[in-house]
Amino acid sequence: MMSMDPQSRPALARGVRLRLDPITCEPVLLFPEGVLPLDAATRDIITRCSGQATIESIVVSLAREYDADPDNLRLDVCECLAELRQRMLIAISK
Amino acid sequence: MNYRPYLLLAELTHSCPLHCPYCSNPVEYPDGRELSTTEWRRVFEEASQLGVLHVGFSGGEPLRRADLAALVAAANAAGLYTNLITSAVGLQRPRAAQLREAGLDSIQISFQSDLETVADQIAGTSAHALKLQAARAVRELGFPLTVNVVLHRGNIDRLEQIISLAGSLEAERLELANAQYYGWAFRNRAALLPTRSQIARATEVVAARKKQLLGQMDILFVTPDYYSERPKPCMNGWATRFLTVNPVGDVLPCPTASAIKGLRFDNVRAHPLAWIWSQSDSFNRFRGTEWMPAPCCQCPWREIDFGGCRCQAALITGDASATDPACALSPHRQMLASFVESVQKDSAAIPSFVADPGRFSFRQNPK
């Protein structure tokens, strides 16, 4: 099994769709067994999971957007991605 | 509270090629003719306007509907995520390809065991080999695959092998769902409920394999609430997030709600879905906390578990508004506890679904 590291490239897993909830206009993930409304932080991470960007470049991009130190974001981003991956909502490649 | 349905369970037909004795379909099927393609299309459009984002096509066996691809396309056009919940009997490759073409997003296939002989005994028909073929076709066509295995006393000791089977099929998800005791399953519960030690072993196996398969397969294991101290937060609260439309168009707050005698369901042929969601007696009957008797009404958990499951309260106590006896605080707890104890003595006798037919009612199809 592939482990996750800063050079991994996350993408939405097979069968997972990101869309705007037409009622709340907030983003939601739709996946085989359900619906997951996203908070703003998760949305900002997920929208960067293109399959091209590495985890490290996602951290840098978020740091720029939030005007924050990447070192303060890295752990949160990795935890969020690990949880999404555990639920098979994102997949990673190198 | 703002009630909004997110998920629709579309029970397309009660007909099914399998006869599993734990089926949660009603033991008495509702009268009436199945909804037509056009009627379902309207249901999907109305559901989408109401806030539904996800539809599960279920049954019975949804593949028994010749118009399934048209129904998938209609739900897709209404903007819904589409999931097929199937036995896979009838899911040959051309049919799966047709559903892919129609925009189907994902497929969940049920398995009864990892062993063909046992699986076919449980299903009451030769289905296991067909399921394996179908699962491979599903993967080749690029669908995400969920494997669902209903667990009971007769298959729970083979969890290791069942997990390996799902792994070999490259399923993204494996639902290890202990039988829920409604419908046919309630009738057969004395032969189905695993023993306490079986559940303990199963919990260990799942925890170990879950860790091992992290990032490859998500394993969901639901233990039977008969063994818990607190009831399950059934449906996340009555009529808060889910809608079920049954084959003849009755709209139910949960798929097993017809177990509650005296609850009257409204039908999509008579009312718009939005009216039913907000006005139907059956939806409003147990919404919120006002309906709760003691001890639920003063309980600090009342907004967490919502007093448990109404259908279970009705089946076990005869009163749908009673506290779910799966709760240790229920005044009827003993009715559940004595049943659970009666099952422990059976621990050595893993039932054979064929050798001991007197102990089971296999699920029958509507007339």
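This text goes with the structure placed above it.
Residues numbered from 1 in each chain as written. Chains lettered and ligands numbered in written order. Predicted model: local features only at pLDDT ≥ 70, side-chain atom pairs only at ≥ 80, totals over all residues.

### A closer look at the overall build of chain A
- Within chain A, the regular secondary structure consists of three helices and five strands.
- Ordered by position from the N terminus, the helices and strands of chain A form the series β-β-β-β-α-α-α-β.
- Along the longest, intermediate and shortest principal axes, the C-alpha atoms of chain A span 35 × 35 × 20 Å.
- Split into buried and exposed, the 94 residues of chain A put 27% on the buried side. (Helix = DSSP H or I, 4+ residues; strand = E, 2+ residues; numbered from the N terminus. Buried ≥ 20, exposed ≤ 12 C-beta atoms within 10 Å, placed from the backbone.)

### Thoughts on the interface of chain A and chain B
- Counting from both sides, the interface comprises 17 residues of chain A and, opposite them, 19 residues of chain B.
- Sorting the residues of the side of chain A that touches chain B by element identifies strand 3 (27-31), strand 4 (34-37) and helix 3 (70-86) of chain A as the ones contributing at least two each.
- Of the residues assigned to the side of chain A that touches chain B, the class counts are eight nonpolar, three polar and six charged. (Contact = placed C-beta atoms within 7 Å. Nonpolar A, V, L, I, M, F, W, Y, C, P; charged D, E, K, R; others polar.)

### Some words on the packing of helix 6 (residues 159-168) of chain B against helix 9 (residues 196-212) of chain B
All names here are of chain B.
- Across the interface, helix 6 lies against helix 9 with an axial gap of 10 Å and an inter-helix angle of 35°. Considering how the two elements wind past one another, helix 6 and helix 9 form a crossing that is right-handed. Between helix 6, through Leu159, Glu160 and Ile163, and helix 9, the contact on the second element is made entirely by Ala202, Val205, Val206 and Arg209.
- Partitioned by chemical class, the residues of the contact of helix 6 with helix 9 number five nonpolar, no polar and two charged. (Axes fitted to C-alpha atoms, helices over the stretch in contact; angles between N-to-C directions. Left-handed = near helix turned anticlockwise from the far one by under 90°.)

### Things to note about the sheet that holds strand 3 of chain A
Residue and element names in this part refer to chain A.
- Strand order in the open sheet formed by three strands is 2-3-4, and the pairing between neighbours is antiparallel. Here the strands that pair on one side only, and so sit at the sheet edges, are strand 2 (17-20) and strand 4. Recorded for the sheet is a direction-independent mean angle of 30° between the axes of neighbouring strands.
- Relative to strand 4, strand 3 is paired through four bridges, and the arrangement is antiparallel. Looking at the pairing, Val28 lines up with Pro37 of strand 4. (Pairing = 2+ DSSP bridges.)

### Quick look at the environment of Leu84(B)
Residue and element names in this part refer to chain B.
- In this fold, Leu84 is placed in strand 3 (residues 81-86).
- Given 26 C-beta atoms within a 10 Å radius, Leu84 is considered buried.
- Setting aside residues no more than four positions away along its own chain, Leu84 makes contact with Phe57, Pro62, Leu99, Leu104, Ile107 and Gln108.

### Quick notes on the pairing of strand 3 of chain A
Residues and elements named next belong to chain A.
- For strand 3, the buried fraction is high: four of the five residues fall into the buried class.
- By the bridge criterion, four bridges tie strand 2 to strand 3 in an arrangement that is antiparallel. Pairing of Arg19 across the sheet is with Val28, part of strand 3.
- Counting the residues in the hairpin turn of strand 2 and strand 3 gives six residues, including Cys25, whose phi is positive at 60°.
- The turn linking strand 3 back onto strand 4 is made up of two residues.

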